[in-house]
Amino acid sequence: MSHAAHGLGAPRILLIGLDEDLVSEILRALPECDVRTASVIALETSQRPGEGVPRCDVIFCPAGSRHLLPVLEKASPRRLPVVAVTRHPDSTEWLNAIEAGAADYAAPPFESSQLRWILHSNLRRTAAAGSG
């Protein structure tokens, strides 16, 4: 079921600070996910003082706390869901990311069905929180 069918519209995805290979893998899986736009920015760009994150609905960023924590801080005023991404899944890293405030966790191989589920569940959660 599409996001639009739930009244959520096609989401705007922001990929922050992910290595080129991860970005390529995610972008290959996104065309079937009813995404309006996918933007990619370097981590350094997202960490400039006083700058927020570009307009988006969901952020994907590296799972390591060194990268994740600054992104979570920038995303929190707008209550944007942040998905922690890692090349090598690790339960400790996953738990640390979720405890730090990440909305979800993802690792390759990225499949359209996996990304669609992540987007759908987080956008519905955000919409429900905004209406409550």
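Owing to the predicted nature of the structure, the values given are computational and were not obtained by experimental measurement. (Residues numbered from 1 in each chain as written. Predicted model: local features only at pLDDT ≥ 70, side-chain atom pairs only at ≥ 80, totals over all residues. Heavy atoms only, no water.)

Some remarks on the overall build of the protein
The condition is simple: Each helix corresponds to a stretch of at least 4 residues labelled H or I by DSSP, and each strand to a stretch of at least 2 residues labelled E; elements are numbered beginning at the N terminus. We call a residue buried when its accessible area falls under 20% of the maximum for its residue type, exposed when it is over 50%, and partly exposed in between, using a 1.4 Å probe and counting protein chains only. Any two residues whose heavy atoms approach within 4.5 Å at even a single point are treated as in contact. Surface accessibility in these figures is a Shrake-Rupley result with a 1.4 Å probe; residues are shielded only by whichever protein chains are displayed.
The helix and strand inventory of the protein stands at five helices and five strands. Starting at the N terminus and walking to the C terminus, you meet the elements of the protein as β-α-β-α-β-α-β-α-β-α. Out of the 132 residues in the protein, the part that is buried amounts to 42%. By sequence separation, contacts in the protein at least 24 residues apart represent 61% of the contacts at least 6 residues apart. Taken as a whole, the protein presents about 7200 Å² of accessible surface, with 51% of it coming from carbon and sulfur.

A word on the sheet that holds strand E3 (residues 58-62)
As a reminder of what qualifies: Pairing between two strands is assigned when DSSP locates at least 2 bridges connecting them. Note on geometry: axes are lines fitted to C-alpha atoms, helical ones only across the stretch in contact, with angles between N-to-C directions running from 0 to 180 degrees.
Strand order in the open sheet formed by five strands is E2-E1-E3-E4-E5, with parallel pairing between adjacent strands. The sheet is open, and its two borders are formed by strand E2 (37-41) and strand E5 (104-106), each paired with just one other strand. Taking each pair of neighbouring strands and ignoring which way they run, the sheet shows an average axis angle of 25°. Here helix H3 (residues 65-75) sits on the sheet and contacts strand E1 (12-16), E3 and strand E4 (82-85); the angle it forms with E3, its principal contact strand, is near 160°.

Let's talk about the environment of Trp117
Its location among the elements puts Trp117 in helix H5 (residues 112-131). Along the primary structure Trp117 and Cys33 are separated by 84 residues, whereas in three dimensions their C-alpha atoms are 9.0 Å apart.

Things to note about the environment of Leu30
Note on placement: Leu30 falls in the loop between helix H1 (20-29) and E2. What makes Leu30 buried here is its relative accessible area of 5%. In this structure, the C-alpha to C-alpha distance between Leu30 and Ser113, residues 83 residues apart in sequence, is 9.4 Å.

Observations regarding the nonpolar core
Note the cut-off: To form a nonpolar core, buried Ala, Val, Leu, Ile, Met, Phe, Trp, Tyr and Cys residues must be joined to one another through side-chain atoms within 4.5 Å.
Of all hydrophobic cores here, the largest spans 19 residues; its most connected members are Leu18, Ile26, Phe60, Val85, Phe110, Leu115 and Leu119. At the level of elements, E1, H1, E3, E4 and H5 are the ones that each hand at least two residues to this core. In contact with Phe60, other than residues within four places in its own chain, are Ile13, Leu14, Leu15, Ile16, Leu18, Ile26, Val83, Val85, Leu115, Ile118 and Leu119. The next biggest cluster of nonpolar side chains, apart from the first, holds 18 residues, and it includes Val53, Leu68, Val71 and Val82.

Describing the pairing of E3
For the record, the criterion: For the handedness criterion, the strands are oriented away from the viewer, and a crossover whose path from the first strand over the helix to the second runs clockwise is classed as right-handed.
With respect to burial, E3 is a largely interior element, five of its five residues being buried. As paired strands, E1 and E3 are joined by three bridges and run parallel to one another. Directly across from Leu15, in E3, lies its bridge partner Phe60. Relative to E4, E3 runs parallel, the two sharing four bridges. Residue pairing across strands places Pro62 opposite Val85, the latter belonging to E4. Crossover connection from E3 via H3 to parallel E4: handedness right-handed.

Looking at the environment of Pro109
Following the sequence through the fold, Pro109 ends up in the loop between E5 and H5. Along the chain, Pro109 and Ala29 lie 80 residues apart, while their C-alpha atoms are 9.4 Å from each other.

A short note on the pairing of E2
As judged from the five bridges shared by E1 and E2, these two strands associate in the parallel manner. Within E2, the residue paired with Leu14 across the bridge is Ser39. Once the chain exits E1 it traverses H1 before rejoining the sheet at E2, and the crossover so formed is right-handed.

By themselves, these are just geometric observations and shouldn't be taken as functional.
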